[in-house]
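Here is what each chain is made of, one letter per residue.
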Amino acid sequence: MNIAPWTKACLFPATSASAEGFLDVSDGHSVYWEEYGNPDGIPVLYLHGGPGRPRPHAIPRLFDPEAFRLILMDQRGTRRSRPLGEMRANTTQHLIGDIETLRKARGIETWHVFGGSWGSTLGLCYGIAHPDRLGSLTVWGIYLALASEADWVNFGARWMKPRECEALVDHAGATTTSELLEGYRALIEDPDPAVHEPAIKIYNAHQAALSDIRHYDASLDRDRESTAEMLPQLKIELGYFCANCFIPDGHILDQAHRLRGIPGTIIQGADDMICPCANATELARFWPDADLHIVPDAGHFVFEPGIAARVMETFAAIARAEGLHTTPNKPIKQGAINATL
């Protein structure tokens, strides 16, 4: 029997935001937010990656607009939030506070939180700080802000992607992770295009190689970005990574017990090299209430078919638990490309 794999035709139709605005938070920052779907629907907060990277275009199309009220926020210094690229008063703890400020401003008591890569980190930290505000937590491409993860990405991964990793290290002349991150931060913040443009190119080539994206439609992601657009994004990203994301080493696993009783879903591409599979299995060991799904033949991107299929089924189950029925354009079926190990 031939089973059709997930394709982008399974997504819900594109819609426009039903509400949007700016929220003044603290220390001169104003974060941009927008909502999609049903204002009376099940509230879901999406947390984008990076830190500092804009969300993929098609995130709202993962959610039934009749069943869900999807809230998106550009984190401090990111995309439409102001000041753009500002690292002053910009830490994980500030972002957790911003999420709570937004929740209260939008009149939401509890919500379902969803994020991947850095968004998984922020979602986990938010859940640890405010478990009483979570209806559920769904994360993919798990990043735990461990020192060992940074060492893997910048040096250990050369065993898998030697060309890109060696180019990254050689361009900064670094021998340790801290030297490499501080080196790229200085290169990218240099006002001379002859200095920052090659650094951006090498840094992004390394990130793309480790993401190992295989099966996705680029139209679901972001527009091609200019150097000028990339600069504030990388200023935030490297500012966070140089400070280990302002998270003590081991904090998420040490405090994962605070998520006890919260319904959770962990979704992980088996071939993701930027956030390796071991992160997800380790998180599941400390958070036994979460369902773990390892997706074969998938890397880091949420719109790789198996990952997107699992996300959509997770939220369809949440809708069913609320007494609602949600059906994408085509059924999500379990086939070779979207089965879980």
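Going by the structure above, here's the rest.
All figures in this text were calculated on a predicted structure; none of them were measured in a lab.

We now examine helix α4 (residues 162-172). For α4, the set of buried residues is Glu164, Cys165, Leu168 and Val169. Projected down its long axis, α4 carries its buried residues within an arc of 125°, all on one side. The outward face of α4, more than 90 degrees from its buried face, is lined by the exposed residues Arg163 and Asp170. In the stretch just after α4, Gly173 is the one whose phi turns positive, near 60°.

A separate point is the packing of aromatic side chains. Applying the stated criterion to the full structure yields 13 aromatic pairs. Each ring, one from Phe63 and one from Phe68, has its centre 5.8 Å from the other, and the planes form 75°; the classification is edge-to-face. The exposure class assigned to Phe68 is buried, which follows from its relative accessible area of 2%. The interplanar angle of 65° and the centroid separation of 5.7 Å between the aromatic rings of Phe63 and Phe114 together place this pair among those described as edge-to-face.

Now for the pattern of salt bridges. With the rule as written, the count across this model stands at 14 salt bridges. Residues Arg103 and Glu100 are paired through a salt bridge, measuring 2.8 Å at the closest nitrogen-oxygen approach. With Arg103 and Glu100 both in helix α1 (residues 92-105), this residue pair falls three residues apart, about one helical turn. The network of salt bridges with shared partners includes Glu34, Arg55, Asp74 and Arg80.

Attention now goes to the side chain of Glu164. The residue Glu164 is located in helix α4 in this model. In this structure Glu164 comes out as buried when scored by relative accessible area, which is 19%. When near neighbours in sequence (up to four residues on either side) are disregarded, Glu164 contacts Ala205, His206 and Ala209.

Moving on to the nonpolar core. Membership of the largest hydrophobic core comes to 66 residues, with the highest contact counts inside it found for Ile266 and Leu283. Excluding residues within four positions of it along the chain, Leu283 makes contact with Leu124, Val139, Ile142, Leu144, Leu253 and Ile266. Phe12, Ala67, Leu220 and Phe301 belong to the second-largest nonpolar core, a separate cluster that totals 33 residues.

The subject of this paragraph is the pairing of strand β2 (residues 30-37). Extensive coverage of β2 is indicated by the burial of seven of its eight residues. Note that strand β1 (residues 19-24) and β2 share six bridges and pair antiparallel. If you follow Leu23 over to β2, its bridge partner there is Val31. Both β2 and strand β4 (residues 68-73) contribute to a ladder of five bridges, which runs antiparallel. Counterpart to Glu34 in the pairing with β4 is Leu72.

It is worth spelling out the sheet that holds strand β8 (residues 290-295) at this point. Judged by pairing direction, the sheet is mixed, and its eight strands sit side by side in the order β1-β2-β4-β3-β5-β6-β7-β8 without closing on themselves. Across the chains shown, the open sheet's two edge strands, defined by having one partner strand only, are β1 and β8. The average undirected angle you get between the axes of adjacent strands in this sheet is 20°. Strands in contact with α1 are β1, β2, β3 (42-47), β4 and β5 (111-117); relative to β4, the strand with the most contacts, it is inclined by about 140°.

What counts as what
- Residues numbered from 1 in each chain as written.
- Predicted model: local features only at pLDDT ≥ 70, side-chain atom pairs only at ≥ 80, totals over all residues.
- Heavy atoms only, no water.
- Buried < 20%, exposed > 50% of the residue type's maximum accessible area, 1.4 Å probe, protein only.
- Helix = DSSP H or I, 4+ residues; strand = E, 2+ residues; numbered from the N terminus.
- Arc of directions from axis to C-beta.
- Phe/Tyr/Trp six-rings, centres within 6.5 Å; stacked < 30°, edge-to-face > 60°.
- Salt bridge = Lys/Arg side-chain N within 4 Å of Asp/Glu carboxyl O.
- Contact = heavy atoms within 4.5 Å.
- Core = buried A, V, L, I, M, F, W, Y, C linked by side-chain atoms within 4.5 Å.
- Pairing = 2+ DSSP bridges.
- Axes fitted to C-alpha atoms, helices over the stretch in contact; angles between N-to-C directions.

By themselves, these figures tell us nothing about what the structure is for.
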